[in-house]
Amino acid sequence: MKQTIEALIVQAVESLKTSGVLETNTLPTITIERCRDPEHGDFATNVALILAKVAKTNPRQLAEKILAVLPVHDAVIKVELAGPGFINFFINPNVQYAIIQTIHELGREFGLSAIGAGKKVQVEFVSANPTGPLHVGHGRGAAYGSVVADLLQAVGFEVEREYYVNDAGRQMDILATSVWLRYLEECGEVFPFPSNGYRGDYVREIAWTIHKNSANQYHQPIATVLENIPADEPQGGDKDVYIDALIERAKTLLGLEHYRAVFQVGLQGILQDIKADLSEFGVNYQCWFSEQQLMDDGSVEKALARLRAGDYLYEKDGATWFASSQLGDEKDRVVVRENGQYTYFASDIAYHHHKLERGFDQIIDIWGADHHGYIPRVRAAMRALGADDSKLTVLLVQFAILWRNGVKVPMSTRSGEFVTLRQLRNEVGKDAARFFYAMRRSEQHMDFDLSLAVSKTNENPVFYVQYAYARVCSVLRQLDEKGWQRNLQSGMDNLNLLTAEHEIALLSTLTRYPEALQKAALQYEPHQLILYLRDVAHEFHTYYNAHQFLVEDALLRDARLNLVCAVKQVLANGLILLAINTPESM
RNA sequence: GGGGUUAUAGCUCAGCUGGAUAGAGCAUCGGCCUUCUAAGCCGAGGGUCGCAGGUUCGAGUCCUGCUAACCCCA
């Protein structure tokens, strides 16, 4: 419809040019907008306001001239000049009715499009260290990332969802050692737990499992473990030195094989928990990508070799540096430490190199906002690897601040003081949690009031949309109970009986769904889809209160039922896309 | 000190990329259930769009400078 109107305008402007009224050669980009206010019609254009400047006339006069030569079209029943020089278009309702038939025919497919043209997109999100359960902060990234991925798929991209598992590095060693120490407690040893160890209950559970399955196989007397180990922080030492010494001691006493065994039980235990958690949250991945794999299969060396070949690496102070500052980063970065170990950044370079080699047209990384300083160096790495860094899109998600009874909830994985995503789901439910997270723009700092979410779940806006869906279902049940049959064809043939203001408004809102979906997808803004669904729900509720659907007049009844079923379909399509349930009754 | 994000109603947030009288939910007040589900609808009050300039027919939206909050980096 937009294109039709645009064509009419272009035609009118061209004819003004040939008749010499307009002396400009430049045709500005014409914008046709849907009107917010129904009094302004269905579409409006500001072309006269834009052109007035070059034509050196006042906008209203120019608009009148455009109106005079505007071609007539069946779909447009009225055109009027308004305000400072807007041209408003009123669309023939007969054209609008067609959307009901379209929605009926396309069903679940309605709204989907092919503008992604099958381009391969990878969306990597959450990627939390597997050192503990996901907390509510991760929930936002999970909800946002999964909806972004689903939206892109809906508009025709080929999407791969990926979780990067940081299963290498010091944090994992700290976890493995924490597990082992808790295990020693299970064996009856008594000692103060390291201040820098992981203290969550889940560590104890993993230790308990190991003890159950392997009894005292990994036991060492605590005196041996702590022999000649420097003091922990509470005793005046350094907590990092202390935990690192314990890690080395664990490796020595257990031997590499047994250490790996404990390590793997810890890692797998937590990873399984994360996978289950996300799956129950409606988040599914095609790939869980292991950082350790990059180390093991030589990917890191390969990527660094590539940088070296491009002369981007140099040695200084015993370490190997990447000259990222040549490529837009603020300073150079270490990739291999003095002790020969790769930095996190080295694996990240290898990881992005690997992504590039997998042939994605677009790579989307979704990170917590605290990682924003990381973007320039990753871009630098991509350029150094010879890639076009515009392939990389980094989307940042701001942290949600948790409040409970007016007090900030502390969040620290190490101390074990945090609200898990699982707890949140148990308290407010999957649907409300997803909806709440996806409702907000990702860059918006967000307050999450847990006490409100728990005590007043009825106020959560997700119910508003679900209720609209359930109401339609209820109407259809009532139809059955009244012994009436729904005549689909008759309803389609009599759509022109839908003349009430509410009905016309609903038609135009339903028509907007594909646009809303595309916009939400291409701008990575799931909240736009949610706002749209709230609009649909609102207009439906209003309609519901204003008119009875199950009326005696069968022709009108069937027409209204067709409209209402179209509403049901659009709500379902949107909710299913958001991985939110569509309850038939509430 | 450098950088990022944010600032809109009492609270939580939208604002369709520069358009017409700045919107919703919650909260407050007043109406609507013998009629398809009241988790709903209708109405009212509530605003210096952080502050000060600038760009133009037109600015919550764009540019500059401040201020504050959160977060990275030294």
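Residues numbered from 1 in each chain as written. Chains lettered and ligands numbered in written order. Predicted model: local features only at pLDDT ≥ 70, side-chain atom pairs only at ≥ 80, totals over all residues. Heavy atoms only, no water.

**With respect to the protein's contact with RNA strand B**
Neighbouring RNA strand B are 51 residues, the closest being Arg36, Tyr467, Arg471, Ser474 and Tyr544. Here, RNA strand B places atoms within 4 Å of the protein, and 66% of those atoms are sugar or phosphate. In the environment of RNA strand B, a sugar or linking oxygen lies 2.4 Å from a nitrogen or oxygen atom belonging to the side chain of Arg440. Taking Gln444, its side chain carries an N or O atom lying 2.8 Å from a phosphate oxygen of RNA strand B. (Near = heavy atom within 4 Å. Polar contact = N/O pair within 3.5 Å; in protein donor to acceptor, adjacent residues only side chain to side chain.)

**Re unusual backbone geometry**
You will see that Ala215, though not glycine, has its phi angle at about 45°, which is positive. Relative to the assigned elements, Ala215 resides in the loop between helix H7 (201-214) and helix H8 (222-226). Take Ala215: its relative accessible area is 42%, and that puts it in the partly exposed class. Phi is positive for Asp311, which is not a glycine, with a value near 65°. Position of Asp311 relative to the elements: it lies in the loop between helix H11 (299-309) and strand E8 (313-316). (Helix = DSSP H or I, 4+ residues; strand = E, 2+ residues; numbered from the N terminus. Buried < 20%, exposed > 50% of the residue type's maximum accessible area, 1.4 Å probe, protein only.)

**Regarding the state of the cysteines**
As enumerated under the stated definition, the model contains zero disulfides in all. The thiol of Cys473 is not disulfide-bonded; the next cysteine sulfur, from Cys565, is found 9.0 Å away. (Disulfide = S-S within 2.5 Å.)

**What about the sheet that holds strand E11 (residues 362-368)?**
Spatially, E7-E6-E5-E11-E12 is the arrangement adopted by the five strands of the open sheet, whose pairing is parallel. On the outer flanks of this sheet lie strand E7 (287-290) and strand E12 (392-397), each paired with one strand and no other. Along the sheet, successive strands turn relative to each other by an average axial angle of 25°, direction set aside. Judged from the four bridges that link them, strand E6 (residues 158-165) and E7 form a sheet pairing that is parallel. Each residue of the ladder has a partner; that of Val165, found in E7, is Ser290. Sitting on the sheet, helix H5 (residues 136-154) touches strand E5 (120-124), E6, E11 and E12, and the angle it makes with E6 is about 155°. Across the sheet, helix H13 (residues 375-384) lies against E11 and E12, angled at about 165° from E12, the strand it touches most. (Pairing = 2+ DSSP bridges. Axes fitted to C-alpha atoms, helices over the stretch in contact; angles between N-to-C directions. Contact = heavy atoms within 4.5 Å.)

**A short note on the environment of Arg377**
Among the secondary structure elements, Arg377 is positioned in helix H13. Judged by relative accessible area, Arg377 falls into the buried class, the value being 16%. Each C-alpha atom, one on Arg377 and one on Leu294, is 19 Å from the other, the two residues being 83 residues apart in sequence. Here Arg377 is in contact with Phe322, Asp329, Arg333 and Phe345, once residues within four sequence places are set aside.

**Things to note about helix H15 (residues 430-439)**
Taken across its ten residues, H15 has nine buried, putting it largely inside the fold. Within the sequence span of H15, burial applies to Asp431, Ala432, Ala433, Arg434, Phe435, Phe436, Tyr437, Ala438 and Met439. Turning to H15, the residues buried within the fold contact H5, helix H14 (421-428), strand E15 (446-449), helix H17 (461-481) and helix H21 (526-546).

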